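Chain and residue survey
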Amino acid sequence: MTAAHSDAPSDAHSTARFPTTPESILPFVLEVMERTPDPRLRSLLVSLSQHLHQFVIDNQVTEKEFERAVAFLIGIGKATGETKNEVILAMDLFGVSTLVAMQNNPPGHDAESSTAGLLGPFWRDHAPVCQPGDSIVRSATPGIPMEVRGVVYGADGQPVANAKVDVWQASPVGLYENQDPGQADMNLRGLFTTDAQGRYFMRTVCPSGYPVPTDGPCGELLAAQLRHPNRPAHLHFMVSSPGHKVLITQVFADDDSNLTSDPVFGVTAPLVGHFVKHTDGDTTTAQLVQDFHLVPGEMVFPHPPIP
Ligand code: BEZ
Ligand code: FE
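What comes next concerns the included structure. (Residues numbered from 1 in each chain as written. Chains lettered and ligands numbered in written order. Predicted model: local features only at pLDDT ≥ 70, side-chain atom pairs only at ≥ 80, totals over all residues. Heavy atoms only, no water.)

**Section: the packing of aromatic side chains**
Using the following cut-off: Paired rings are identified among Phe, Tyr and Trp, the last through its six-membered ring, by centres lying within 6.5 Å, and are further divided according to the angle between planes into stacked (under 30 degrees), edge-to-face (over 60) and tilted (the rest). We count a stretch as a helix when DSSP gives it H or I for four or more residues in a row; a strand needs E for two or more, and each element gets its number in order from the N terminus. Only protein chains enter the accessibility calculation, which uses a 1.4 Å probe. A residue is then buried if its area is under 20% of the maximum for its type, exposed if over 50%, and partly exposed in between.
By the definition in use, this model includes six aromatic pairs. For the ring pair Trp 123 and Trp 168, a centre distance of 6.4 Å and an interplane angle of 50 degrees mean the geometry is tilted. Residue Trp 123 is located in the loop between α6 (96-104) and β1 (145-153), and its partner Trp 168 is located in strand β2 (residues 164-168); the two are separated by 45 residues in the primary sequence. A relative accessible area of 2% means that Trp 123 is categorised as buried. The buried category is assigned to Trp 168, whose relative accessible area is 1%. Aromatic ring contacts, followed pair by pair, group Phe 122, Tyr 176 and Tyr 210 into a single cluster.

Next up, the structure:
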């Protein structure tokens, strides 16, 4: 280093080139973010930087709190694996997954289109192909036998033949098959195809409410907030047909006491189904009639949250 450099700060070392206050860091960050070539990525990164900095300043976030937040993020990454996706679960618990689903799936052109809902962490691709009337119960499963049927309508309001209706649900023991060695692989999962009249028909058991996984960082979060983990009983559906946007949705049992306190904020009024129960002597059965209305769009499937 020369004497000239050590005597006084050069222009390159003047305070104008460095942040001096908490608030003055952001412009330096934004200058870097603004250089991102992709315009959409640039705009997202600029906005994210602004929100993050504002959050830290508004809340006077301490070093300990920052460390805790980082530990939470590391924890949800580490807890994600073959049987669950804790990162998606975290997004669900903040209502972000429902927000993204709702924001990107406004009611369709005929105001009749089915409402989309969050995907959740438990959809698996390649569900077993089923014929009309097949049962998706693949190993001993408690619960009231249930028939589910309906019609898939297309963008033109006409029934859609050969639409795919992918369905998945938790066992009434409170676990999806991938979480439970006691269930057969792909238990309570199936892929149905609509007939020439757009109809699908399946057999299953009436779903029960179940807790979201609480054995990871998200469980700690719920406990710290005194929130219960129990989702109201529901069936998941993913309905697809070429030329239509893939419809990801859930249908909730109308008699569930947790409908208004879903920990992942997934229930909206149009998603509450009419589960009809019928008792004959000792036998109770249930029926659900659920139509789906698709909107025009690209048939793009999500990445499976678990393999
Ligand atoms: C589910 O319904 O599969 C689910 C959704 C969000 C979090 C956990 C589970
Ligand atoms: Fe579910």
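**Points about the site of ligand 1**
Note the cut-off: Throughout, the term near means that a residue has one or more heavy atoms lying within 4 Å of the molecule or strand in question. Distance and chemistry together define a polar contact, namely a pair of N or O atoms within 3.5 Å, with one atom able to donate a hydrogen and the other to accept it when in protein, and with adjacent residues in sequence counting only for side-chain atoms on both sides. Every accessible area reported is derived by Shrake-Rupley at a probe size of 1.4 Å, with residue values counting cover from the shown protein chains alone. For each structure, a 1 Å grid was placed over the protein atoms alone; sets of points admitting a 1.4 Å probe that cannot get out are labelled cavities, open sets with protein on both sides within 12 Å along at least five of seven lines are labelled pockets, and lining residues have an atom within 4 Å of a point. To qualify as sitting in a cavity or pocket, a molecule needs more than half of its atoms within 2 Å of the grid points.
Surveying the vicinity of ligand 1 reveals the residues Leu 89, Asp 92, Gly 120, Pro 121, Phe 122, Tyr 176, Tyr 210, Val 212, Arg 231, His 234, His 236 and Val 264. Within the side chain of His 236, one N or O atom sits 2.9 Å away from an oxygen atom of ligand 1. Its free accessible area being 260 Å², ligand 1 has 100% of it covered by the protein chains. More than half of the atoms belonging to ligand 1 lie within 2 Å of the grid points that define the largest cavity.

**Brief notes about empty space enclosed by the protein**
Threshold: Grid points are joined across faces, edges and corners, and a volume is the space filled by probe spheres set on the points. In this classification, Asp, Glu, Lys and Arg are treated as charged, Ala, Val, Leu, Ile, Met, Phe, Trp, Tyr, Cys and Pro as nonpolar, and every other residue, Gly included, as polar.
Applying the stated criterion to the full structure yields two cavities of 30 Å³ or more. Here the largest cavity is characterised by a volume of approximately 110 Å³. Lining the largest cavity are 15 residues, with Asp 92, Gly 120, Pro 121, Tyr 210 and Arg 231 positioned closest to its centre. Along the lines of polarity and charge, the residues of the lining of the largest cavity split into eleven nonpolar, two polar and two charged. Of the voids in this model, the second largest cavity is the one considered here, and its volume is about 50 Å³. Grouping the amino acids of the lining of the second largest cavity by side-chain chemistry returns four nonpolar, five polar and no charged.

**Details of the layout of surface pockets**
Roughly 1100 Å³ of volume is contained in the largest pocket. As for the largest pocket, its lining consists of 26 residues, of which Leu 52, Phe 55, Ala 69, Leu 73 and Phe 94 are closest to the centre. At the level of secondary structure, the elements contributing two or more residues to the lining of the largest pocket comprise α3 (39-58), α4 (63-78), α5 (86-93) and α7 (217-224). A class-by-class count of the residues in the lining of the largest pocket yields 20 nonpolar, three polar and three charged.

**A short note on the packing of helix α2 (residues 25-33) against α3**
Helix packing for two helices is described by the angle between their axes and how far apart those axes are. Quick note on the threshold: Only the stretch in contact is used when a helix axis is fitted, and all axes are lines through C-alpha atoms; the angle between N-to-C directions ranges over 0 to 180 degrees. By the definition adopted for this analysis, an angle is roughly parallel if under 35 degrees, roughly antiparallel if over 145, roughly perpendicular if from 65 to 115, and oblique otherwise. Whether a crossing is left-handed or right-handed is set by the direction in which the near helix is turned from the far one by less than a right angle, anticlockwise for left-handed and clockwise for right-handed. In this description, contact between two residues means that some pair of their heavy atoms is separated by no more than 4.5 Å.
Close contact between α2 and α3 brings their axes to 9 Å; oriented N to C, the two are set at 165 degrees. On the basis of their axis angle, the class for α2 and α3 is roughly antiparallel. Of the two possible hands of crossing, α2 and α3 adopt the one that is right-handed. For the pair α2 and α3, the contacting residues are Ile 25, Leu 26, Val 29, Leu 30 and Met 33 in the first and Arg 42, Leu 45, Val 46, Ser 49, Gln 50 and His 53 in the second. In terms of residue class, the contact of α2 with α3 is made up of seven nonpolar, three polar and one charged.

**Notes on the coordination of the iron ion (ligand 2)**
Rule in force here: Shown as donors are all N, O and S atoms within 2.8 Å of a metal ion, widened to 3.2 Å for Na, K and Ca; because water is not in the atom set, sites may appear incomplete. Irregular is the label for any site that misses the other tests, which are tetrahedral for four donors with all angles between 85 and 135 degrees, and square planar for four donors or octahedral for six when opposite donors exceed 155 degrees and the remaining angles lie between 65 and 115.
On the protein side, the iron ion (ligand 2) has Tyr 176 (OH), Tyr 210 (OH), His 234 (NE2) and His 236 (NE2) as donor atoms, found 1.8 to 2.1 Å from it. Viewed at the metal, the six donor atoms of the iron ion (ligand 2) are separated by angles of 54 to 164 degrees, and the geometry they form is irregular. Here the donor residues of the iron ion (ligand 2) share one chain and are spaced in sequence as Y-x33-Y-x23-H-x1-H. Here Tyr 176 is found in the loop between β2 and β3 (189-193), whereas its partner Tyr 210 is found in strand β5 (residues 210-211), with 34 residues between them in sequence. Classification of Tyr 176 by relative accessible area gives buried; the value is 0%. Residue classification places Tyr 210 among the buried positions, given a relative accessible area of 5%.

**Considerations on the sheet that holds strand β7 (residues 234-240)**
What holds strands together in a sheet is hydrogen bonding between their backbones, with the strands either parallel or antiparallel. Note the cut-off: When DSSP locates at least two bridges between a pair of strands, those strands are taken to pair.
Within the open sheet, the five strands sit side by side as β3-β2-β7-β8-β9. Their pairing is mixed. What marks the edges here is a single partner per strand, and that holds for β3 and β9 (272-273). Where strand β8 (residues 247-253) meets β9, two bridges bridge the pair, whose relative direction is parallel. Each bridged residue has a counterpart across the sheet, and for Ala 253 the counterpart in β9 is Gly 273.

**Section: the side chain of Thr 204**
Turning to its location among the elements, Thr 204 is positioned in strand β4 (residues 199-205). A distance of 2.6 Å separates polar atoms of two side chains, one belonging to Thr 204 and the other to Gln 169. When sequence neighbours within four positions are dropped, the list of residues in contact with Thr 204 reads Ile 136, Val 137, Ile 144, Pro 145, Met 146, Val 148, Gln 169 and Leu 188.

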